[in-house]
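Residues per chain, in single letters:
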Amino acid sequence: MATDIRSTSWVNTNHPAPAQKPPASEVGVVGWLRTNLFSGIGNSLLTIATLIVLYFIVANLGRWLVNAYWEPIWVNRKLFAVGQYPLEQLWQPALVLLMVSLLFGLSTGRWGNIMRNLGVGLGALLLALALIPIGLQAQMVMAASLGLLLAGYLSGARVAISSRWLAVAWVLSLPATFVILLGGINLPRLGVTSNFAPLVQSNLWGGLMLTMLLALVGIAVSFPIGVLLALGRRSNLPVVKVFCVGYIELIRGVPLITLLFMGMTMLPLFLPGNWGNPSQLVRAMTAITLFSAAYLAENVRGGLQAIPKGQYEAADALGLSGFDKLRFIILPQALTKVIPAIVGQFIGLFKDTSLASLVGLLELVAVGKAVIQQPAWLGVTGGVAKEVYVFVAFVFFIFSFGMSFASRKLESKLGFGKR
Amino acid sequence: MTSSTLPNQRPPFYRDTRTIAIMLQVLFLVVVLAIGWFLYNNMVTRLAAGNTAAGGALSWSFLSQTAGFGISEGPTFRPEESYGRAYVVGVINTLRVAVVGVLLATVLGLLAGIARVSNNWLLNKLAMVYVEIFRSTPLLVQLLFWYVGVIAALPPIQEAAPLGDLGYLTNRGMYLTWIFPTETGRALTWWLLGGIIVGVAVAWLRRRQLERAGVPGSGALAGVAAFALVVVIGYFVAFSASQMPATTAYELRRGDRGTLFEDTNGNGAFDLNLDRPLAYVPITLYGADGQVVASGMTNGDGAFRFIDLPAEATRLEWTTPAPLVLSEPQRQGFNFSGGISVTPEFAALLLALVVYTGAFIAEIVRAGINAVNKGQWEASRALGLNTGATLRMVVLPQALRVIIPPLTSQYLNLVKNSSLAIAVGYPDLFNVSRTIVNQTGAEVQGILLVMATYLTFSLITSLFMNWYNKRVALVER
């Protein structure tokens, strides 16, 4: 008798067996250990070897950290922050910090993206400094900066601030910083001298403040030069092209330190005799800017090359002039693409400013050297060099790693480098 | 047929893009030249006003003047030699640290980069911590840390404990056991050279043979074996033929020191530039009553010196040495003799450059390996290759194409970064050039010389790496 296929007697009407848990060796801590540390004999041996190495590193490092003598850093915290800037005029750097925090907050709210990541980092840093008892006034400044950062963020996110005005404010903040730190304007050669506070000459500026200033000026002032050089390198005019290629390759082929020494000793030679000698800070900044411009040009060139030919052709078809084509079509796209590269370059430049200590500027590393030499620590066995350099490295690390982390977050968000 | 008649007139010449292009370039050139002339003119005026030792004019004659300063490392340099030669010594010192640095940084970077893609979580994270710490802090700070914080904190020479048979680490430098060719081992140089030629030839032949047979593999192993064979034969030939020069003589001064040399002119005295000193020859010193007072070995320059002898030595005997000798550093008062020494400056600079550049290379290697399609790993696994073979034969050859260009710029960075030597006083080319400039006032010439040298290095490295890149590049139709 043929089975009636409509009968459902072959269907198992029992409830399906409950799913069993995966074996303990595949999930949880044990499973994780098995996949990541002990997946085979070779892997297990590697893990054990690494553990032994790690033990020695951690044990020695831990012993050193516990016994290290951190007094010199704590005592000299003002020196590390602003150098020999007069104590009673510290409200001027504080003002700059407040200004930058506000601008940062506004930009974070307005633009988001990498600014948001950097803004979060800055906020965390300000919060930490406000909580550590570095000094009541300093803590209050940090707290106020944090407040301005938050206020700026909230208003930037709610109120439609013109992006252009914000950019203009950023550009103006640089000369403003110089005026505030100097305590006025002092250009005797042009006959302009006016001040709102006793002038603080740039040879008294130092510490982290100077390091930041060197890096920021380096990247900001070199930006227009770098863009022009990049455009020149891709120009059809052979004379312009040869000049730009020559400049870029010449600068990239020599170490920054040669340019710094050149700026220190040769820059005054290039100026007319009656102009006097520019200050050490200006000389170092000139060298760093000329150096940075060549690298920036190469980064911008990368962005320019990434723009499809069709964009140029479409702009031509629209009848845009050469300048308008760059201004409205090419540069906005190219510069957006190279933001991560420029952040990377800024990190490099930030680290490279340490070389300014070799030509007599009192930036972070030079302050460290000076602290090591202080007579108060002569009695410490083994000296305090390790502690001081570890601290200086730590400060650089916080900023560099923070910035590169923010940039990487942005890259993964934009989908760069993803396949 | 009517066609719209375009007015067949050329635009006025000042609207012609070709004319505009030429005009723009002329304008650009004029502006650049004007600025250049302005700067140059100011410089000449100021130089003429100042009274530098170089005498205002941009003369290069200072290069042949007597330097008057010594250089502590590298090829022997005496103060009575010229500035030009001092600079050459500086260039050699830069190359010394750069070449060793590039090799070691590549090894470290490769290992750390492979660790960064390892499945082993612990190793992976350890490599990550290394990379992030050393990439995110300035090289100068690292250099000063190694130099002032680590090397200067090592024990002084008197208290240094030996590292087994390897040597000593002190705050005045590292003293390491090393193999040296002795007086009878000089012929080995030719055997080494011959070994290299034979090795390369055998490797090439072996590769061709393998290619013809269609077997994968390289001829490197055969080449190395051939090289080793030639060198070993050379050693035994040199060993059996070893004899001391017939005119071997010695000079003994103050009963404890002197020189062993080949007395070419037969006058019995050591003449610095005429007689040839005999290196690493075993010697025994005898006192007046014939008892042995000391035994040891001459130095690399044929000299010997003993301290705290029980009696004054009056006579010396030598024996024929083996072609190669293992020389261990031995403490002699406030110094070491024997072995090779590495100065703290060199050690710190090398360490800093290698650790810093290694971190960057590790990231490049990681990116390169990640750029190889995952399917390549899986396919190679499916073929039954293990991880090592997969890496060596499938992944790394493909990753190299991605790795080479950024690696080149890291090598160039290392060479340029070696100029930080000035921070610890290692006499590299930049440091030497600053000394020269400070003494002669030839500021402009000094900078030009240094820039030209670094540009030459960059050019040579780029050319070599471009050639290598072409070799490993994907061969397409």
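The rules behind each value
- Residues numbered from 1 in each chain as written.
- Chains lettered and ligands numbered in written order.
- Predicted model: local features only at pLDDT ≥ 70, side-chain atom pairs only at ≥ 80, totals over all residues.
- Heavy atoms only, no water.
- Contact = heavy atoms within 4.5 Å.
- Buried area = accessible area lost by both parts, 1.4 Å probe.
- Salt bridge = Lys/Arg side-chain N within 4 Å of Asp/Glu carboxyl O.
- Polar contact = N/O pair within 3.5 Å; in protein donor to acceptor, adjacent residues only side chain to side chain.
- Helix = DSSP H or I, 4+ residues; strand = E, 2+ residues; numbered from the N terminus.
- Nonpolar A, V, L, I, M, F, W, Y, C, P; charged D, E, K, R; others polar.
- Pairing = 2+ DSSP bridges.
- Axes fitted to C-alpha atoms, helices over the stretch in contact; angles between N-to-C directions.
- pLDDT = per-residue confidence, 0-100.
- Patch = residues over 30% accessible without salt bridge, like charges linked within 9 Å, V, L, I, M, F, W, Y side chains within 5 Å.
- Areas by Shrake-Rupley, 256 points an atom, 1.4 Å probe, with all protein chains shown as cover.
- Buried < 20%, exposed > 50% of the residue type's maximum accessible area, 1.4 Å probe, protein only.
- Parallel < 35°, antiparallel > 145°, perpendicular 65-115°, else oblique.
- Left-handed = near helix turned anticlockwise from the far one by under 90°.

With that settled, the discussion passes to the interface of chain B and chain A. Opposite the 51 residues of chain B that make contact, chain A presents 55 residues. Between chain B and chain A, roughly 4700 Å² of surface is buried when both sides are summed, and carbon and sulfur atoms account for 75% of that area. For the interface between chain B and chain A, the tally reads one salt bridge. Across the salt bridge formed by A:Arg408 and B:Glu132, the nearest N and O atoms sit 3.4 Å from each other. The interface formed by chain B and chain A contains 13 residue pairs in polar contact (both at pLDDT 80 or more). Of all the elements in the fold, those that place two or more residues in the side of chain B that touches chain A are helix H1 (17–49), helix H3 (121–135), helix H4 (139–151), helix H7 (344–371), helix H10 (429–440) and helix H11 (443–472) of chain B. The greatest single-element share of the side of chain B that touches chain A, amounting to 12 residues, is contributed by H1(B). A breakdown of the residues in the side of chain B that touches chain A according to their chemical character gives 34 nonpolar, 11 polar and six charged.

Note: strands within a sheet are paired through backbone hydrogen bonds, in either parallel or antiparallel orientation. Residues and elements named next belong to chain B. In spatial order, the strands read E1-E2-E14; together these three strands make up an open sheet with antiparallel pairing. The outermost strands of the open sheet, each flanked by one partner alone, are strand E1 (167–170) and strand E14 (340–342). Across this sheet, the average inter-strand angle for adjacent strands is 10°, counted without regard to direction. Bridge count for E1 against strand E2 (residues 173–176) is four bridges, and the pairing is antiparallel. Paired with Tyr168 across the two strands is Tyr175, which belongs to E2.

Our focus in this paragraph is the sheet that holds strand E10 (residues 313–318) of chain B. All names here are of chain B. Strand order in the open sheet made by the three strands is E8-E7-E10, with antiparallel pairing throughout. At either end of the open sheet lies a strand with only one pairing partner, and these are strand E8 (292–297) and E10. Averaged over all pairs of adjacent strands, the angle between strand axes in this sheet comes to 20°, irrespective of strand direction. In this structure, strand E7 (residues 282–287) lies alongside E10, joined through five bridges in antiparallel fashion. Each residue of the ladder has a partner; that of Tyr286, found in E10, is Arg315.

Let's shift gears to the confidence of the model for chain B. Taken over all residues, the pLDDT of chain B has a mean of 83, while the share at 70 or more is 95%. Listed scores for the predicted complex are pTM 0.85 and ipTM 0.88.

There is a patch of nonpolar side chains on the surface, built from A:Val29, A:Val30, A:Trp32, A:Leu33, A:Phe38, A:Ile48, A:Ile52, A:Tyr55, A:Phe56 and B:Trp121 and spanning about 990 Å² of accessible area. Listed by contribution, the elements that provide at least two residues to the nonpolar patch are helix H1 (28–36) and helix H2 (41–67) of chain A. Here A:Leu33 is to be found in helix H1. We classify A:Leu33 as partly exposed; its relative accessible area is 30%.

This paragraph deals with the packing of helix H8 (residues 163–182) of chain A against helix H9 (residues 207–233) of chain A. A packed helix pair is summarised by two numbers, namely the angle formed by the two axes and the spacing between the axes. All names here are of chain A. Their axes nearest at 11 Å, the elements H8 and H9 cross at an angle of 150°. Here H8 lies roughly antiparallel to H9, going by the angle between them. Viewed along their axes, H8 and H9 form a crossing whose handedness is left-handed. Packed against H8, whose contacting residues are Leu174, Thr177, Phe178 and Leu181, the element H9 presents Met209, Leu213, Val217 and Ala220 at the interface. For the contact of H8 with H9, the per-class residue count stands at seven nonpolar, one polar and no charged.

Below, the discussion takes up the pattern of salt bridges. This model, assessed by the stated rule, comprises 14 salt bridges over all chains. Notably, a salt bridge pairs B:Arg18 with B:Asp16, separated by 3.0 Å at the nearest N-O pair. Using a relative accessible area of 57% as the deciding quantity, one classes B:Arg18 as exposed. With its nearest N and O atoms 3.7 Å apart, the salt bridge here joins B:Arg207 to B:Glu211. Separated by four residues within a single helix, B:Arg207 and B:Glu211 lie in helix H5 (residues 188–213), roughly one turn from each other. By relative accessible area, which is 38% here, B:Arg207 ends up partly exposed. Here the salt bridges share partners, and the residues they tie into one network are A:Arg233, A:Glu249, A:Glu298 and A:Arg301.

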